[in-house]
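Architecture and fold: a report
Below are the chains, spelled out letter by letter.
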Amino acid sequence: MSNEPSSAAEARARVTELIRDARICLLTTTGVDGRLVSRPMGLQAADFDGDLWFFAFADSAKVRQIRVNPQVNVGFSDQRHHAWVSVAGTAQEGWDRARAEQLWNPLLKTWFPDGLDTPGITLIKVHASSAEYWDSPNSTVVNLLGFAKAAVTGKPPQAGENHEVSY
């Protein structure tokens, strides 16, 4: 049975669900020398409406890179559910105290010891232009059997379903 979404709204809902489950991602920016640079980030808002939010330091390399080239990618991996999401979009940096208060989580004090009053703290907003996800609802055992079968037959395994979503 296919997990093919019947509408764009269903596909977006699935992306939201997968992102919410993953929470940790890799934010990829373009360095000034043109090379791609990825680093782990914690997603601050699980209600994905097309925008992803992150806390950062305004003088960090990622923020400097976003100012020069705002095109970014955010990749999520949820190993428990065998699912992956790639979100392409445009990032911008800016401080919005009201938004920061909505997004703040006490665990962030590890990186921002003075909370929202930490000098240099800022927000990164990534506005999605598209997302692509791979969803493999089968168990690890079923996936391993698929890979074993592929090794014997020489045919690629059925790794799950892949869908593209526009925003």
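Description of the structure in this document. For every chain, the first residue of the written sequence is number 1, and numbering continues from 1 onward in sequence order. Whole-chain, interface and lining totals are the exception, using all residues; otherwise, since this is a predicted model, local features are given only for residues with pLDDT of at least 70 and side-chain atom pairs are given and counted only at 80 or more. Side-chain metrics in this entry use all non-hydrogen atoms of the structure; hydrogen atoms and water are not considered.

The next point concerns the nonpolar core. Throughout, nonpolar core names a set of buried Ala, Val, Leu, Ile, Met, Phe, Trp, Tyr and Cys residues whose side chains join them through atoms within 4.5 Å. Any residue under 20% of the maximum accessible area for its type is buried, any over 50% is exposed, and the rest in between are partly exposed; the area is computed with a 1.4 Å probe on protein chains only. Ranked by size, the top nonpolar core spans 28 residues in total, and within it Leu52 and Phe76 carry the most contacts. Only DSSP runs of H or I covering at least 4 residues are called helices, and only runs of E covering at least 2 are called strands; the numbering of each starts at the N terminus. Listed by contribution, the elements that provide at least two residues to this core are α1 (8-22), β1 (24-30), β3 (51-57), α2 (61-68), β4 (71-78), β5 (83-94) and β6 (121-135). If you look at the next biggest cluster of nonpolar residues, it comprises nine residues, including Leu103, Leu108, Phe112 and Leu116.

Moving on, we come to the pairing of β1. Burial within β1 is extensive, with five of its seven residues counted as buried. Note that β1 and strand β2 (residues 36-42) share seven bridges and pair antiparallel. Looking at the pairing, Thr30 lines up with Leu36 of β2. At least two DSSP bridges between two strands are required for those strands to pair. When β1 meets β4, the two strands line up antiparallel, connected through four bridges. Its bridge partner lying in β4, Thr28 is registered against Asn73.

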